[in-house]
Amino acid sequence: MENPRLEETGPRLTKQCSKCLMVKLPSEFHKSKGKKFGLQHYCKTCRLGEDFQRRYGITMDQWNQMFIDQCGRCVICEVDLPPMGKGVHTDHCHTHGAVRGLLCSHCNTGLGTFSDNPNILRKAAEYIEDNVEKVYERHIPMDGFGDSGLRGYGARLRGRWSRGRSYRRSKR
């Protein structure tokens, strides 16, 4: 049954998913202006399963099993992941397409920043480990501009240097 209909228990409209054939509320479907009733044919759950199959070559059941196998934690930092929500990233090899595991946002961003290159990641880890105790003295002059004598953004805000009227003065 593709069309929304009145439910027996009250005046709430429902719609049947074309894939799982379950009758659900309209809020369980993505909107689509081009469709007859303004809703997609598949419910959000079935649509997500289709997206996973197309993107990663795995089913939602396989994804759920991976989540259980990882005890609901990020593979790298072992932080607790929210169950199937924002902040859970399906890590995959961009060359071969194979799924490697589930990651938190921080670890996924880190891998992406280093282009999934293990050599660069090793060098970064060595750099951090080698420079743990190396401390440089920092000298910050009282005026905040250093010894260069250049006037920077801070001087503009304090009104010492401006092109015409400064922002601070114009708001008075």
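We now turn to the structure provided with this report. This one's a predicted model, so the numbers in the text were calculated from it and none came from an experiment.

**What to know about the pattern of salt bridges**
In a structure, side chains of opposite charge can pair up when their charged atoms sit close to one another.
Part 1: Enumeration according to the criterion identifies four salt bridges in this entry.
Part 2: A salt bridge links Asp51 to Arg54; its shortest N-O distance comes to 3.2 Å. Taken together, the residues Asp51 and Arg54, both in helix H1 (residues 44-56) and three residues apart, mark about one turn of the helix.
Part 3: Arg73 serves as the salt-bridge partner of Asp80, at 3.5 Å between the closest nitrogen and oxygen.
Part 4: Residue classification places Asp80 among the exposed positions, given a relative accessible area of 53%.
Part 5: A relative accessible area of 35% places Arg73 in the partly exposed class.

**Side note on the environment of Asn108**
Part 1: Along the chain, Asn108 falls in helix H3 (residues 105-113).
Part 2: With 21 residues separating them in the primary sequence, Asn108 and Gly87 have C-alpha atoms 9.5 Å apart.
Part 3: Setting aside chain neighbours within four positions, we find Asn108 in contact with His89, Asp91 and Leu103.

**So, the nonpolar core**
Part 1: Grouped together as the largest cluster of nonpolar side chains are 15 residues, with contacts concentrated most on Phe52, Ile58, Trp63, Cys74, Leu81 and Leu102.
Part 2: Secondary-structure elements contributing two or more residues to this core are H1, helix H2 (60-69), strand E7 (99-103) and H3.
Part 3: Residues within four places of Cys74 in sequence aside, it is in contact with Val79, Leu81, Leu102, Leu103, Cys104 and Cys107.
Part 4: In this structure, Cys17, Leu39, Cys43 and Cys46 belong to the second largest nonpolar core, which totals five residues.

The rules behind each value
- Residues numbered from 1 in each chain as written.
- Predicted model: local features only at pLDDT ≥ 70, side-chain atom pairs only at ≥ 80, totals over all residues.
- Heavy atoms only, no water.
- Salt bridge = Lys/Arg side-chain N within 4 Å of Asp/Glu carboxyl O.
- Helix = DSSP H or I, 4+ residues; strand = E, 2+ residues; numbered from the N terminus.
- Buried < 20%, exposed > 50% of the residue type's maximum accessible area, 1.4 Å probe, protein only.
- Contact = heavy atoms within 4.5 Å.
- Core = buried A, V, L, I, M, F, W, Y, C linked by side-chain atoms within 4.5 Å.

The quantities given are spatial measurements derived from coordinates; they are silent on function.
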